[in-house]
Amino acid sequence: MSACAACELRFAACVDIDAYVRACAPMAPRNGDDGASGGACAVCLGILQIASDADARALEDGEREAARRVLEIDDVGAFARRAVSRGHGGMAGYRFRVVLPAATLTRERAMRATRGIDDATRVTGIDEVLRMLARKSLGEALGCEEDSTAAYALTAKYKYGDDAKETEFLSSVSLKLSKEERKGKFRGKHLKWHKGGKRKRGTTEADFLSHLSSPEDPFAEEFETAERAYEDAAKRLADAKFADASFWLSNSDVTLAAPRFRARCIVEAFHEPVHVGGWYVKLDRGVPQSPWVMRETGKRVGRGSVVEAIESVVLDKFASRGAKFNSSGREDMDVRMLSEGRPFASQVHDPKRPTVSADEIAEMERTINAKCDQTGVRVRGLCLTTKEHYHAVGQHSEESEKEKSYVAICRISRRVTAEDHKTIAAVSNLVVQQSTPTRVVHRRTDMVRPRTIVHMSSEPIPGAPDALILRLRTQAGTYIKEFVHGDGGRTKPSLGDLLGCKAQILQLDVTEVDDAWNPSGAAPNAESVQ
Ligand SMILES: [Zn+2]
């Protein structure tokens, strides 16, 4: 079994960076060998046979090499060039994650057996050596230090063509998984982001809906699968069956053979999401909360959307290509959201520019509000928030003890009298039996839901004798439109029932959402929206 000079140092428990730099050598010329081993190390599969930064500076083809997705990493600087090409900046620190083929584990065990090195003896890991080698160039290129807790991660995943074949013998040992692990293994932590199939690359900004299906971590599945294969192999290797050196010596044709290929590398950079939150006010009707496209025609319904009005500015500032929007409920497209607004938060995915100042947040708010004439949307209290706050938005907004306030313009089938206003004002904790509204019954279970009208008030509209302004405070989940017109008798009693006539609703606005959620933990500045 021929090991490279770097692996020899690892087995000698060397931790001297200079020694590794001297030991790592470029592979033999690859011209025409199409990934063949070319004398790749039988332990690290060529992963450590790379040039130092100094040697790399002499290589002219570096940039061309960095542009390829699958790299044969020939020099340490490739990591840095790849990282820079991903465009991230302003990070507080970087994490360098290395995902190795499982065959490096079995080969290392075979190496220990042939050399009589017991399990207690420490051998420097391949990932440790890579991290040491890359530290200087990564630090210079990214302008920050390595930090294992950093939100920005650079991952180098090595793929080895014979990995499955060489580690197949491990499957004779069953894997003992904890309940938690089994869940993760079969469901996949991030699989829900990938329902739509394979990740698309190079989606254009014109594809205005693409950001709605944006994955929180686009590489999670790809890297987690490989990482899990490695971890599974490590667990199986702990079995007593493999403890005896003779096992490895008798299976040397698999575990000690010269590799047919050199391991190839995929390098990706990713920044964990940042979150912003606040309250939005929708001043125009005809604006849906999220982009609405008719499935049949592919045509848009309504004018823009609340999500786009906010995220077009936010994504631009964070140099991100996708986000997810969360809010405390939603109003119908033809309903305005007034007064203090509705709590919302955006999860901004893979920001290339993750750090923004308080001034820039304020500027984002001003920019969104300056476009209100076109979008009909304003925000207030915009601030950076946390993942926990993002997920907490609206979590309790539909709970039955929550209340909402509305103002509606209604018309009835006769003149409005002073007696009508008295009838309305007398309503207190009126329980209304609501069958699922006709307009949503195709997508919701048809059932009767009792909801409470907490109180109401009304006022006449000068010049419109058959109309009135109705103010309501209701339990969350009350369908206001149906309460007014009765939905063909499916809501009882209705406003029409109370007044003994027919009633219709002309306009509806939400004036208060009862949700104590606060993205910053501080009281919002209510004066920022007029
Ligand atoms: Zn090696």
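Predicted, not measured: the structure shown is a model, and the values here were computed from it. Residue positions are given per chain, counted from 1 along the sequence in the order it is written. In view of the model being predicted, local features appear only for residues whose pLDDT reaches at least 70, and side-chain atom pairs are presented and counted only at 80 or more, with totals across whole chains, interfaces and linings using the full set of residues. No hydrogens and no water enter the side-chain calculation; it runs on all heavy atoms of the structure.

A separate point is the overall build of the chain. Helices and strands together make up the secondary structure of the chain, namely 19 helices and 14 strands. A 1.4 Å probe rolled over the protein chains alone gives each residue an accessible area, and that area as a share of the maximum for its type sets the label: buried under 20%, exposed over 50%, partly exposed in between. Here the chain, with 530 residues, has 49% of them falling under the buried criterion. Contacts were defined at the residue level, with two residues in contact if any of their heavy atoms lie within 4.5 Å. A fraction of 78% describes how many contacts in the chain between residues 6 or more apart in sequence connect residues 24 or more apart. In these tables, accessible area is a Shrake-Rupley quantity obtained with a 1.4 Å probe, and a residue counts as shielded only by the protein chains included in the view. Looking at the chain as shown, the accessible area adds up to about 25600 Å², and 52% of this sits on carbon and sulfur atoms. The way it works is that DSSP assigns letters per residue, a run of H or I at least four long becomes a helix, a run of E at least two long becomes a strand, and they are numbered from the N terminus.

To continue, consider unusual backbone geometry. The peptide bond linking lysine 492 to proline 493 adopts the cis configuration, its omega dihedral lying at -10 degrees. Tracing the backbone through its elements, the reader meets proline 493 in the loop between strand S13 (491-492) and helix H19 (495-499). Even without a glycine there, the phi angle at alanine 319 is positive, about 50 degrees. Unusually for a residue other than glycine, aspartate 350 sits at a positive phi of about 40 degrees.

As a further point, take the nonpolar core. Counting residues in hydrophobic clusters, the biggest one holds 49 residues, and the most contacted among them are Ile310, Leu470 and Leu495. In terms of residue count, helix H13 (residues 306-318) provides more of this core than any other element does, eight residues in total. Here this core spans two domains, since at least three of its residues come from each of domain 2 (274-392) and domain 3 (403-510). Excluding residues within four positions of it along the chain, leucine 495 makes contact with Cys410, Ile424, Leu470, Phe483, Val484 and Ala503. Take the buried residues of types Ala, Val, Leu, Ile, Met, Phe, Trp, Tyr and Cys, join any two whose side-chain atoms come within 4.5 Å, and each joined set is a nonpolar core. Membership of the second largest hydrophobic core comes to 47 residues, among which are Ala6, Ala23, Val76 and Leu100. Bear in mind that the domain bounds are from an automatic or database domain assignment.

Let us now look at the confidence of the model for the chain. One confidence number per residue, pLDDT, is output by the predictor and ranges from 0 to 100. Per-residue pLDDT for the chain has a mean of 84; in total, 84% of the residues score no lower than 70. A low-confidence stretch, residues 29-36 (pLDDT under 50), is modelled with 12 contacts involving residues beyond four sequence positions or located in other chains. Counted against residues more than four places away or in other chains, residues 186-208, with its pLDDT under 50, gives 31 contacts.

Turning to the pattern of salt bridges, a few remarks are in order. Pairing between side chains of opposite charge can happen when the charged atoms of each approach one another. By definition, a salt bridge exists where a carboxyl oxygen of Asp or Glu is found within 4 Å of a side-chain nitrogen of Lys or Arg. Per the stated rule, a full pass over the model turns up 34 salt bridges. As a salt-bridge pair, glutamate 308 and arginine 300 come within 2.7 Å of each other at their nearest N and O atoms. We note a salt bridge from aspartate 466 to arginine 411, for which the minimum N-O separation is 3.6 Å. Here the residue aspartate 466 occupies a position in strand S12 (residues 464-475), and arginine 411 occupies one in strand S9 (residues 403-412), the gap between them amounting to 55 residues. Taken together, the salt bridges that share partners define one network made up of Asp332, Asp334, Arg439, Lys481 and Glu482.

Next up on the list: helix H14 (residues 358-370). Every helix has an expected span of 1.5 Å times one less than the residues it contains. Spanning 13 residues, H14 covers 18 Å between terminal C-alpha atoms, matching the ideal 18 Å at 1.5 Å per step. Considered for burial, the residues of H14 that qualify are Glu360, Ile361, Met364, Glu365, Ile368 and Asn369.

Within helix H5 (residues 77-85), seven of the nine residues are buried, leaving the element largely enclosed by the surrounding structure. Restricting attention to buried positions, one finds in H5 the residues Gly77, Ala78, Phe79, Ala80, Arg81, Arg82 and Ala83. Just past H5, the residue glycine 87 takes up positive phi, approximately 85 degrees.

Put simply, two rings from Phe, Tyr or Trp (the six-membered ring, in Trp's case) pair if the centres are within 6.5 Å, and we call them stacked under 30 degrees between planes, edge-to-face over 60, tilted for the rest. Under the counting rule described, the total for this entry stands at 11 aromatic pairs. On the basis of an interplanar angle of 10 degrees and a centroid distance of 5.5 Å, the ring pair of phenylalanine 325 and phenylalanine 344 is categorised as stacked. Taken together, the positions of phenylalanine 325 in strand S6 (residues 322-327) and phenylalanine 344 in strand S7 (residues 335-349) put the pair 19 residues apart, joining distant regions of the chain. Each of the two residues, phenylalanine 325 as well as phenylalanine 344, counts as buried. Feature note: the residues Phe169, Phe242, Phe247 and Trp248 constitute an aromatic cluster, connected by ring pairs. The cationic tip of arginine 380 hangs over the ring face of tryptophan 279; the distance from NZ or CZ to the ring centre is 4.8 Å. A ring has a charge above it when a Lys NZ or an Arg CZ is no more than 6 Å from the ring centre and no more than 35 degrees off the ring normal.

By the element assignment, glutamine 289 lies in the loop between strand S5 (274-282) and H13. On the accessibility criterion, glutamine 289 (4% relative accessible area) is buried. Here the side chain of glutamine 289 touches tyrosine 280 through a polar contact of 2.9 Å, side chain to side chain. What glutamine 289 contacts, discounting residues up to four positions off in sequence, is Tyr280, Ser305, Val306, Val307, Phe325, Ser327, Gly329, Arg330 and Arg342. The term polar contact refers here to a pair of N or O atoms within 3.5 Å; inside protein, the definition further demands a hydrogen-donor-capable atom paired with an acceptor-capable atom, and it admits residues adjacent in sequence only when both atoms are side-chain atoms.

Contact geometry of H5 with helix H7 (residues 126-142) gives a least axis separation of 8 Å together with a crossing angle of 40 degrees. As far as their axial angle goes, H7 and H5 are oblique. The two elements H5 and H7 meet at a crossing, and its hand is right-handed. Here Gly77, Phe79, Ala80, Ala83 and Val84 of H5 come into contact with H7, specifically with Leu130, Ala134, Ser137, Leu138, Ala141 and Leu142. Angles here are taken between N-to-C directions and fall from 0 to 180 degrees, while the axes themselves are lines fitted to C-alpha atoms, restricted in helices to the stretch in contact. Should an angle fall under 35 degrees it is taken as roughly parallel, and over 145 as roughly antiparallel, whereas 65 to 115 is taken as roughly perpendicular and any remaining angle as oblique. Handedness of each helix crossing follows the sense of rotation of the near helix against the far helix: counterclockwise by less than a right angle gives left-handed, clockwise gives right-handed.

Next up on the list: the pairing of S7. The buried fraction of S7 amounts to 12 of the 15 residues, a majority that puts the element mostly inside the structure. Strand pairing requires that DSSP identify at least two bridges connecting the strands. Inspection of the sheet shows S5 paired to S7 by eight bridges, in the antiparallel sense. Residue tyrosine 280 lies in a different strand from S7, and its bridge partner there is arginine 342. Both S6 and S7 contribute to a ladder of six bridges, which runs antiparallel. Along S7, the bridge assignment pairs glycine 322 with histidine 349. Bridge count for S7 against strand S14 (residues 503-513) is three bridges, and the pairing is parallel. Bridging across to S14, arginine 336 finds its partner in aspartate 509.

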